[in-house]
Amino acid sequence: MFDFFYKLFSRSSSSSHQPPKKGRFVLVLSGGGMRGFYTLGILKAIEESWLKQQIDAIYGVSAGAIAAAYRAAGRKAQDIFERLFSLDISPTKWIHFPPTAHLLKSTLPKKYFEADLPKTFEELSIKTYLGATDMYTANFILFDQGEIIPPLLGSTALPGVFPSVKYQQYLLNDGGIIDNFPTTIAKKAYPQHHIIGVALNKFKEHQEPKNIIETLSLALEVMMRKDMVKRTKDITIAFYEDMDCKRLERDKEKWKKAFDQGYYSGMKKFMEI
């Protein structure tokens, strides 16, 4: 089953679909929790390749939204990695007590985002779209103007884990609930561009969650699986790999391993084009 999914994704980056180096590109970055360090590795590879000046827009959901916002704010991938790697992940800093509507606080990431990012989308250097789910209407909402922080916090708010975010007329939660990988939306908006897609949730069968957080995480991955195969037709360069890093991984060595894996995979693929 894993090979089947991998081959489908690999076809979109086969030699018959190789983009010309003079082409223009759009990045689509899926959610995946701490696997997002892999995405940062891909971004580092882009910075060191011929693609560096050819990205016109970035779409990001959940962890992909964080990578998109930081990259569009002009931060280099290595700097983003080191900034996020410095997060204090001790339970006493994160657990919301009593854990009624949600298990973890959002105050710490909010503090980081407010210190690191501009206030509005209009201040970003690259056109950026952040995807979140509106729990009031069950719609997928893409934000690309106005304030950055509320949509970013909403995009990363895994239900039951982080609190929902009230913003404008919306009640926002993780965009992956409805569309974790909006390649079709990106291709419709940029039909002449090549899509670089980073999908972080290669599904592993026979997982046995050990706690409520892992149970919620697994349920979300099962929901997202249905959209993966049909998105391959939109992608020119695809990244879809197994990685030894869980969505809510606390082992920082695995964060670094995911970052390195993304970097080496990106450099290898971009050098082949």
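Given the structure is predicted, the values throughout are model-derived calculations rather than measurements.

What counts and what doesn't
- Residues numbered from 1 in each chain as written.
- Predicted model: local features only at pLDDT ≥ 70, side-chain atom pairs only at ≥ 80, totals over all residues.
- Heavy atoms only, no water.
- Helix = DSSP H or I, 4+ residues; strand = E, 2+ residues; numbered from the N terminus.
- Buried < 20%, exposed > 50% of the residue type's maximum accessible area, 1.4 Å probe, protein only.
- Contact = heavy atoms within 4.5 Å.
- Areas by Shrake-Rupley, 256 points an atom, 1.4 Å probe, with all protein chains shown as cover.
- Expected span 1.5 Å × (residues − 1).
- Polar contact = N/O pair within 3.5 Å; in protein donor to acceptor, adjacent residues only side chain to side chain.
- Salt bridge = Lys/Arg side-chain N within 4 Å of Asp/Glu carboxyl O.
- pLDDT = per-residue confidence, 0-100.
- Axes fitted to C-alpha atoms, helices over the stretch in contact; angles between N-to-C directions.
- Left-handed = near helix turned anticlockwise from the far one by under 90°.
- Nonpolar A, V, L, I, M, F, W, Y, C, P; charged D, E, K, R; others polar.
- Core = buried A, V, L, I, M, F, W, Y, C linked by side-chain atoms within 4.5 Å.
- Parallel < 35°, antiparallel > 145°, perpendicular 65-115°, else oblique.

Q: Which residues make up the overall build of the protein chain, and what are the values?
A: What the protein chain contains, in helices and strands, is 10 helices and eight strands. Counting all 273 residues of the protein chain, 55% fall into the buried class. Long-range pairs, those at least 24 residues apart, make up 76% of the contacts in the protein chain with a sequence separation of at least 6. Element-wise, carbon and sulfur atoms account for 56% of the exposed surface of the protein chain, whose accessible area totals about 12,900 Å².

Q: If you had to explain helix H10 (residues 252–272) to someone new, which residues and values would you point to?
A: Along its 21 residues, H10 runs 31 Å from first to last C-alpha, staying within 8% of the 30 Å computed at 1.5 Å per residue. Among all positions in H10, only Trp-255, Ala-258, Phe-259, Gln-261, Gly-262, Tyr-263, Ser-265, Gly-266, Met-267 and Phe-270 are buried. For H10, the secondary structure elements touched by its buried residues are helix H2 (36–47), helix H4 (77–85) and strand S8 (237–239). N-cap assignment for H10: the residue whose side-chain oxygen lies 2.9 Å from the backbone N of Glu-253 is Asp-251.

Q: I'd like a rundown of the pattern of salt bridges, residues and numbers included.
A: Counted under the stated rule, the structure contains nine salt bridges. One salt bridge connects Glu-47 with Arg-71, and the closest N-O pair in it is separated by 3.7 Å. Here Glu-47, found in helix H2, pairs with Arg-71, found in helix H3 (residues 63–72); they are 24 residues apart in sequence, far enough to count as distant. The exposure classification of Glu-47 matches that of Arg-71, with both residues buried. The salt bridge partner of Glu-272 is Lys-268, with a shortest N-O separation of 2.8 Å. Of this pair, Glu-272 and Lys-268 both sit in helix H10, separated by four residues, roughly a single helical turn. As far as burial versus exposure is concerned, Glu-272 and Lys-268 are alike and both exposed. Each of Arg-75, Arg-83 and Asp-116 takes part in a single network of salt bridges with overlapping partners.

Q: Give me the lowdown on the confidence of the model for the protein chain, citing residues and values where you can.
A: Per-residue pLDDT for the protein chain averages 83, and the proportion of residues at 70 or more is 76%. In the model, residues 1–16 has pLDDT below 50 throughout and makes 32 contacts with residues more than four positions away in sequence or in other chains.

Q: Kindly report on the side chain of Glu-47, identifying the contributing residues and their values.
A: Overall, the relative accessible area of 16% leaves Glu-47 in the buried class. With residues up to four places along the chain from it excluded, the contact list for Glu-47 reads Lys-52, Arg-71, Arg-75, Lys-76 and Ala-77.

Q: Mind laying out the environment of Thr-120, listing which residues take part and the relevant values?
A: Mapped onto the secondary structure, Thr-120 falls in the loop between helix H6 (107–116) and strand S3 (127–134). Each C-alpha atom of the pair Thr-120 and Ile-149 lies 8.1 Å from the other, and the pair is 29 residues apart in sequence. Leaving out residues up to four positions away in the same chain, Thr-120 has contacts with Gly-146, Glu-147 and Ile-148.

Q: Go over the packing of H2 against H10 with me, naming the residues and quoting the values.
A: It is at 6 Å that the axes of H2 and H10 come closest, and there the two elements cross at 35 degrees. Here H2 runs over H10; the crossing is right-handed. Contacts between H2 and H10 involve Phe-37, Tyr-38, Leu-40, Gly-41, Ile-42, Lys-44, Ala-45 and Ile-46 from the former and Trp-255, Ala-258, Phe-259, Gln-261, Gly-262, Tyr-263, Ser-265, Gly-266, Met-267 and Phe-270 from the latter. Across the contact of H2 with H10, the residue classes break down as 12 nonpolar, five polar and one charged.

Q: How would you sum up H2? Please name residues and give values.
A: Look at H2: 17 Å from first C-alpha to last across 12 residues, which is about the 16 Å you get at 1.5 Å a residue. Burial runs high along H2: 12 of the 12 residues are buried. Every buried residue of H2 is accounted for by Gly-36, Phe-37, Tyr-38, Thr-39, Leu-40, Gly-41, Ile-42, Leu-43, Lys-44, Ala-45, Ile-46 and Glu-47.

Q: So what's going on with the nonpolar core? Which residues, and what values?
A: One finds Leu-40 and Phe-270 to be the most contacted residues of the largest nonpolar core, which totals 58 residues. Each residue touching Leu-40, except ones within four places of it in the same chain, is listed here: Ala-67, Ala-77, Ile-80, Phe-81, Leu-84 and Phe-259. Counting residues in hydrophobic clusters, the runner-up holds 13 residues, among them Val-28, Tyr-129, Ala-199 and Tyr-240.

Q: So what about unusual backbone geometry? Which residues, and what values?
A: With phi around 60 degrees, Ala-138 is a residue other than glycine that occupies positive phi space. One non-glycine residue, Gln-168, lies in positive phi territory at about 50 degrees.

Q: Describe in detail the packing of H2 against H4, supporting the description with residues and values.
A: Interhelical geometry of H2 versus H4 gives an angle of 155 degrees and a closest axis separation of 8 Å. Judged on the interaxial angle alone, H4 and H2 are roughly antiparallel. Across the interface between the two elements, Phe-37, Leu-40, Leu-43, Lys-44 and Glu-47 of H2 pack against Ala-77, Gln-78, Ile-80, Phe-81, Leu-84 and Phe-85 of H4. Within the contact of H2 with H4, the residues separate by chemical class into eight nonpolar, one polar and two charged.

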